[in-house]
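Below, each chain spelled out in residue letters.
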Amino acid sequence: MDLHLSGKVFLVTGASVGIGAAVVRVLEDEGATAVGVARKPQRTADIAADVTDIGAAGLVVDEVLHRHGRLDGLVNNAGGVEPRTGFLAVTDEDWLSSFDLNLHSVVRFSRAALPALLRTGGAIVHVASEAARFPDYPLVDYAAAKTAVLSVSKSLSAEFAPRGVRSNVVSPGPTRTWLWDRPGGFAEKLAERFDLPVEAAVEHFVRDVRGLPTGRLGTADEVAGVIAYLLSPSAAQVTGAEWAIDGGALRQL
Ligand SMILES: NC(=O)c1ccc[n+]([C@@H]2O[C@H](COP(=O)([O-])OP(=O)(O)OC[C@H]3O[C@@H](n4cnc5c(N)ncnc54)[C@H](OP(=O)(O)O)[C@@H]3O)[C@@H](O)[C@H]2O)c1
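Residue positions are given per chain, counting from 1 as you read along its sequence in written order. Since the coordinates come from a predicted model, pLDDT governs what is reported: local features require at least 70, and pairs of side-chain atoms require 80 or more to be given and counted, while whole-chain, interface and lining totals use all residues. As a rule here, side-chain values come from all non-hydrogen atoms in the structure, and water together with hydrogens is ignored.

Asks: Is there a simple way to think about the site of the ligand in this case?
Replies: Within the structure, the ligand sits among 30 residues, and Ser16, Arg39, Asn77, Tyr142 and Thr177 are positioned closest to it. Two N or O atoms count as a polar contact when they lie within 3.5 Å, although within protein this holds only if one can serve as hydrogen donor and the other as acceptor, and sequence-adjacent residues are included solely when both atoms are side-chain atoms. Taking isoleucine 19, its main chain carries an N or O atom lying 2.8 Å from an oxygen atom of the ligand. Taking threonine 175, its main chain carries an N or O atom lying 2.9 Å from an oxygen atom of the ligand. Each accessible area value is a Shrake-Rupley result obtained with a 1.4 Å probe; residue values ignore everything except the protein chains displayed when judging cover. Here the ligand has 890 Å² of accessible area as a free molecule, and 94% of this is covered by the chains. Only runs of H or I of at least four residues qualify as helices and only runs of E of at least two qualify as strands under DSSP, and these elements are numbered from the N terminus. Counting residues per element, the ones that place at least two in the shell around the ligand are α1 (18-29), α4 (140-160) and α5 (178-181). Among the elements that make up the shell around the ligand, the one with the highest residue count is α5 (three residues). Split by residue class, the shell around the ligand holds 16 nonpolar, ten polar and four charged. Summarising the domain contributions, the shell around the ligand has at least three residues from each of domain 1 (9-174 + 219-245) and domain 2 (176-209). We call a residue near a given molecule or strand whenever any one of its heavy atoms falls within 4 Å of it. Each residue is assigned to one of three groups, with Ala, Val, Leu, Ile, Met, Phe, Trp, Tyr, Cys and Pro labelled nonpolar, Asp, Glu, Lys and Arg labelled charged, and all others, Gly among them, labelled polar. Each domain span listed reflects an automatic or database assignment of domains.

Asks: Honestly, the nonpolar core in this entry has me stumped. Any pointers?
Replies: Proteins that are soluble and globular tend to have nonpolar side chains buried together. Val23, Leu27, Val170, Ile227 and Leu231 are the most contacted members of the largest nonpolar core, which has 31 residues in total. Listed by contribution, the elements that provide at least two residues to this core are β1 (9-13), α1, β2 (33-38), β5 (123-127) and α8 (220-231). For this core, the leading source of residues is α8, giving eight residues. What makes a nonpolar core is a set of buried Ala, Val, Leu, Ile, Met, Phe, Trp, Tyr and Cys residues whose side-chain atoms join them at distances within 4.5 Å. Only protein chains enter the calculation, and the probe is 1.4 Å; a residue is then buried if its accessible area is under 20% of its type maximum, exposed if over 50%, and partly exposed in between.

Asks: Please clarify how unusual backbone geometry should be interpreted in this entry.
Replies: Unlike most non-glycine residues, histidine 4 shows phi in positive territory, near 55°. Along the polypeptide, histidine 4 turns up in the segment before β1. Exposure remark for histidine 4: the relative accessible area of 51% places this residue in the exposed category. Positioned with a positive phi, aspartate 195 is a non-glycine residue whose angle comes to about 55°. Exposure remark for aspartate 195: the relative accessible area of 69% places this residue in the exposed category.

Asks: I'm lost on empty space enclosed by the protein in this one. Help?
Replies: Summary: where empty space remains is shown by rolling a probe the size of a single water molecule over the atoms. A 1.4 Å probe that fits but cannot get out identifies a cavity on a 1 Å grid over protein atoms alone, an open set with protein on both sides within 12 Å along at least five of seven lines counts as a pocket, and a residue lines either if it has an atom within 4 Å of a point. Grid points are joined across faces, edges and corners, and a volume is the space filled by probe spheres set on the points. Tallied over the entire structure, the rule returns one cavity of 30 Å³ or more. Roughly 30 Å³ of volume is contained in the largest cavity. Residue assignment for the lining of the largest cavity shows that the elements contributing at least two residues are α3 (92-120) and α4. Looking at the lining of the largest cavity residue by residue, the classes come out as four nonpolar, three polar and one charged.

Asks: Mind showing me how you'd approach the domain arrangement of the protein chain here?
Replies: Interface extent is often summarised as the accessible area lost during association of the parts. The domain boundaries assigned to the protein chain delineate domain 1 (9-174 + 219-245) and domain 2 (176-209). Opposite the seven residues of domain 1 that make contact, domain 2 presents eight residues. Buried area: the accessible area, evaluated with a 1.4 Å probe, that two parts lose upon being put together, summed over both parts. Of all residues in domain 1, the largest losses of buried area upon contact with domain 2 belong to Val81, Pro83 and Pro174, amounting jointly to 56% of the total for that side. At the junction of domain 1 with domain 2, the criterion picks out zero residue pairs in polar contact (both at pLDDT 80 or more). Across the side of domain 1 that touches domain 2, the residue classes tally to six nonpolar, one polar and no charged. Any two residues whose heavy atoms approach within 4.5 Å are treated as being in contact.

Next comes the structure, spelled out in structure tokens:
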């Protein structure tokens, strides 16, 4: 499907691996230019920046405009989670660092990008999480920050859609990325929790614990495909929306 993204320029945060890297690849396959950001640069993220640094957003947007002269879309993807043992173990510093990464970076990159997006009639997609609507104590600070992202996206849509800039959210469910497979990541944590080999633990989680209707974890490419669609002119009437990509995990109406 041609998404009519050829010649457009996109900025993707957290793009060295996982969902962000997949977004860069799908946008490039569509003929667009995608500029990625991460702390450790890779092919899909050649701007080195920490999105929690207060000045990073402005510097990164300036660099994109210097290189390409325009900006047609922003993907606020950088995020991360530290599993907690319980609310009482989460310190002020933990809350601040979680909100800096998962919420304040979204605010700062949106603020920095909007003047350029208003010139092109661009779009923003924020990557939240199923945790925003399914909070639980091991994710207490992460879930709260992601819920706030849903709110910010709606406010941005209300203010800027009348001026041509759309704002939407994608909410992935369990998606197999580096977050899962890194040393000490979710997959190893599940293996410890269920006292099973890693793959058996993941299978048990998917089928018995979460009961995911699709019977498997999602992939980064599946999330990236929806993000590319939401950035495209085909989604011109979609704004202030939240799209779940979670294998049918959340079933509330
Ligand atoms: N995978 C899942 O199951 C899942 C489920 C729901 C929601 N999500 C959300 O989806 C988004 C992407 O997750 P993922 O699974 O693709 O994660 P991932 O595989 O851990 O990748 C995270 C990316 O963000 C970058 N990053 C992390 N901290 C950063 C910082 N302070 N400054 C700049 N870049 C930073 C990382 O690169 P560097 O380390 O080099 O900086 C990496 O490129 C996140 O917002 C996450 O909360 C994921």
